[in-house]
Amino acid sequence: MIMYLLKRLLAGVVLIAVLSFLTFVLLYMAGGDVARNILGEQATVETVAKKTHELGLDRPLLVQYADWAMHAVTGNLGRSWFSGELVTTTLSTRIMVTLTLVGGATIVAALLAIVFGVLAARRGGWIDAVVQVGAFIGFAVPNFLIALALVLVFAINLHWFKATGIVPPQQSIVGWLSTITLPIAALSIGAMASIVQQVRGSVVDSVSRDYVRTLRARGFSESTVIYRHVLRNAGGPALAVLGVQFIGLLSGTVVIEQVFAIPGLGQATVSATSLGDVPLVMGLVVVFVILVVIVNLLIDLGQAALNPKVRLA
Amino acid sequence: MSRWKATAAVVIVAALALAGCAGGEGEGKPTDGVSGGGHADKLTLTVIGAPTSYDIGAGAEWGQRSPYFESVFDTLLRQNSKGELGPGLATKWTYNSDKTVLTLNLRKGVKFSDGNPVDAKAVVASMERFRDGTSAQASTMKDNTYAAIDDATVTVTMSMPNPALLNMLSIAQGLIASPASFVGADIATHPVGSGPYILDTKETVTGTKYVYHANPDYWDKKNLHYDNLILNTMTDPTAILNAIKSGEANGAKFTDNNAIPEIEAAGWKVEGIQLDFQGLLLLDRDGTMVKPLGDKRVRQAINMALDRKALLETLQSGHGTVTQQVFPPSSDAFDKSLDSTYKYDPKAAKKLLADAGYPDGFEFTADLNPSFQTAYDLIGQQLKDIGITMKTEDPGQGQFIKALLAPKYPVGFMGLQADHNDWQLANFMLAPTGTFNPFHTQRDEVDGFLKTMRSGTPDEQVKAAKALNKYVTDEAWFAPLYRVQGSYAVDANTTLEYWPTNASPSIFGFSPKG
């Protein structure tokens, strides 16, 4: 187990190194006049050249990357070129916001997917049809359209929730809920649509197995059979989909945080990438890679807990 | 604001500025923010774009980002909501006879939020940091030297007169920060000034939300109408619209004028100013890259080929005013009659082109700004009607301005900031050394106008500015299409006086109703 974790850790480090270099190269190739972007159209060519030198952009690519990497291994990710803030500060203030949205959306999606998936598999008929059509629509409609519809109805017309920004929970729990509910709802619908199909299929497949017939023959109640045994077997594939969805939701925040003007990693990603804020983009890449590695590791561990056959040596 | 009011305001600004330039004395009455106005707990505004740095040596800016700086720093002079210059940290300002030394008398007893005094030494240190730094406008102060004569007197010495100096001291160039903050590692995000508000760095999320509380020691409290100020940075038009419609702000800058009916339907009032112009920059006026563009008849033909009214309607839904000059109405140089210099007349344009020796037209490649793709397409079609083929080339993401100023292209289309100060505008895009004169076009006439604008009497300066405007319009250095309406919306509980000289309203221009 420890060896497995060490291997995954090592793979994560290699992944960060490779992806950070590729990102650096891509940003370099994308070009863009970063100093001009910072200073605006009014700055003279000389001032732009001075800023370019100040940022070290007149150095060769490899020198720039080596400089970044050497500082990064010590935990110094530099300062944003467009705000002057330490990248580590930007990331630390924003990561909890994004994880709250993604974590909340994942939990909501998983719970509702289990309820509707089991319901559709066990009841069949019109319920199954409604769930399947609903899942199809939820999967097909982009989450930003869902977000816009939710804002229009629940924030602008009904004033039940906030349309923009986020209130920290330590400031006001009610305020916090009023700002995170709609983004979480917008994010979770698409994810739920994917997971519900997986749950439904797995349950339908499992209930026809011999062990289910045996459990029923031994007098176990239907709810015990379904929720303690069938779902446990169906949970493996659903967990894999959930993991993929979690990572997908991370990228979903890029749009959702823009629509709701939420200061998370997604919003920072859009802004930093479009401006060419290399230090911040690099910091975001590192954080996203770490999150993906951790999530995949947790899914592997979860799979092992659910199914002894895949337990790790 | 109606046109006559705007004109009156401009005349007052010009008179005040020129009085200072003429070796007179500016002193004065405090610049009131808004007349009357009550007091409220909080003002929440949405702003497009966050400050790149609060370090005045690296990120001092005005324009769209002025609220961030105006809230925490004082400027030496201050403009009020009518655009008039008045005292800020300096209560009196005097030029010497040849207008090369400006003496500023500072307000006494003012302190920075770190407790240090705002004295002459601090002002000199601050101005030197701006001059030697990399803020966008740093080069405008590069030849100045500063001296602290005593605790409350500063001199600015220039090698040549600078008619825009007083105006500059009321914007980014005049921002004063505590020198003690210059050594701090967090200077970019922890501003220390003497302005009306103090940034709450704990509640602030850099790049997104800036929270300020009223400065208890501020010297001009009567112009402060709110105890707290929140600036939410929003770039997404949908988020801005949602914030407006759901009432989550008191004021909002927005870029999509098509949203005006929707915003007004939500009970908000929309104020508009027209500062920038959009149009073709015919930069290769000497024909070094594309020979025909060196002939003024060709450039005039291009101006005559453009149906400005239709383009304004199509590209801006009519929100703006067609123009043929680069100087804005708030400037001395502006002349309304110049806006009818070129009548839309493709036939006459074609004839003029033939007279210039190009009966079959010619071809050139313009620097493509993808944000204005539709404008390029429509202009291209109208030029095609008189035989000119305008090809476009995308120089790459974020490379448009760099390529234009290199210069790699003879022509480009963009919205260009038209400063209300004639001298600043002339030096930005008309002088041989101007940033947006990348081919360094030089004409003796222009040099003469600039010389008079720099050193003439106030009357001569205004006449020279007007003559310069007429010259570049007649010579068709540009093909401006229209001045775009910059729009700002305020909710039903807020009153706004939108000063005519800046893209963003002053924070002193807001007050609660009732």
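First things first, this report covers the structure right here in the doc. (Residues numbered from 1 in each chain as written. Chains lettered and ligands numbered in written order. Predicted model: local features only at pLDDT ≥ 70, side-chain atom pairs only at ≥ 80, totals over all residues. Heavy atoms only, no water.)

This part takes up the overall build of chain A. When you go through chain A residue by residue, the secondary structure sums to 12 helices and 0 strands. Helices and strands in chain A line up, N terminus first, as α-α-α-α-α-α-α-α-α-α-α-α. Viewed in the frame of its principal axes, chain A has a C-alpha envelope of about 85 × 55 × 35 Å. Among the 313 residues that make up chain A, the fraction classed as buried is 46%. In chain A, the proportion of contacts linking residues at least 24 apart, taken out of those at least 6 apart, comes to 71%. Carbon and sulfur atoms make up 71% of the accessible area of chain A, which totals about 15300 Å². Across chain A, 20 positive and 14 negative side-chain charges occur, with their mean positions spaced 17 Å apart. (Helix = DSSP H or I, 4+ residues; strand = E, 2+ residues; numbered from the N terminus. Buried < 20%, exposed > 50% of the residue type's maximum accessible area, 1.4 Å probe, protein only. Contact = heavy atoms within 4.5 Å. Areas by Shrake-Rupley, 256 points an atom, 1.4 Å probe, with all protein chains shown as cover. Lys, Arg positive; Asp, Glu negative; His and termini not counted. Charge placed at Lys NZ, Arg CZ, Asp CG, Glu CD.)

Residue and element names in this part refer to chain A. Spanning 37 residues, helix 5 (residues 87-123) covers 52 Å between terminal C-alpha atoms, matching the ideal 54 Å at 1.5 Å per step. Within helix 5, the axis deviates most sharply at Arg94, by approximately 30°. Once helix 5 finishes, Gly124 follows within two positions and takes phi at roughly 65°, a positive value. (Expected span 1.5 Å × (residues − 1). Bend = angle between axes of the 7 residues up to and from the residue.)

Okay, the interface of chain A and chain B next. Contacts between the two partners involve 39 residues from chain A and, on the opposite side, 44 residues from chain B. Both faces considered, chain A and chain B share a buried interface measuring about 3400 Å² in area, 49% of it formed by carbon and sulfur atoms. The interface formed by chain A and chain B contains 1 salt bridge. Residues A:Arg79 and B:Asp186 are paired through a salt bridge, measuring 3.4 Å at the closest nitrogen-oxygen approach. Elements that contribute at least two residues to the side of chain A that touches chain B include exactly helix 2 (34-39), helix 3 (45-54), helix 7 (143-157), helix 10 (222-259) and helix 11 (265-275) of chain A. For the side of chain A that touches chain B, the leading source of residues is helix 3 of chain A, giving 5 residues. Among the residues making up the side of chain A that touches chain B, the classes are represented as 16 nonpolar, 13 polar and 10 charged. (Buried area = accessible area lost by both parts, 1.4 Å probe. Salt bridge = Lys/Arg side-chain N within 4 Å of Asp/Glu carboxyl O. Nonpolar A, V, L, I, M, F, W, Y, C, P; charged D, E, K, R; others polar.)

Residues and elements named next belong to chain B. The mixed open sheet is built from 7 strands, whose spatial order is 11-12-13-2-14-22-15. Each of the sheet's edge strands pairs with one partner strand only, and the pair in question is strand 11 (197-199) and strand 15 (269-273). Neighbouring strand axes in the sheet, compared pairwise and without regard to direction, differ in orientation by 20° on average. Across 5 bridges, the pairing between strand 15 and strand 22 (residues 486-490) is antiparallel. Bridging across to strand 22, Gly272 finds its partner in Ser487. On the sheet, helix 5 (residues 237-245) packs against strand 2 (40-47), strand 14 (251-254) and strand 22 and is oriented at approximately 155° with respect to strand 14. (Pairing = 2+ DSSP bridges. Axes fitted to C-alpha atoms, helices over the stretch in contact; angles between N-to-C directions.)

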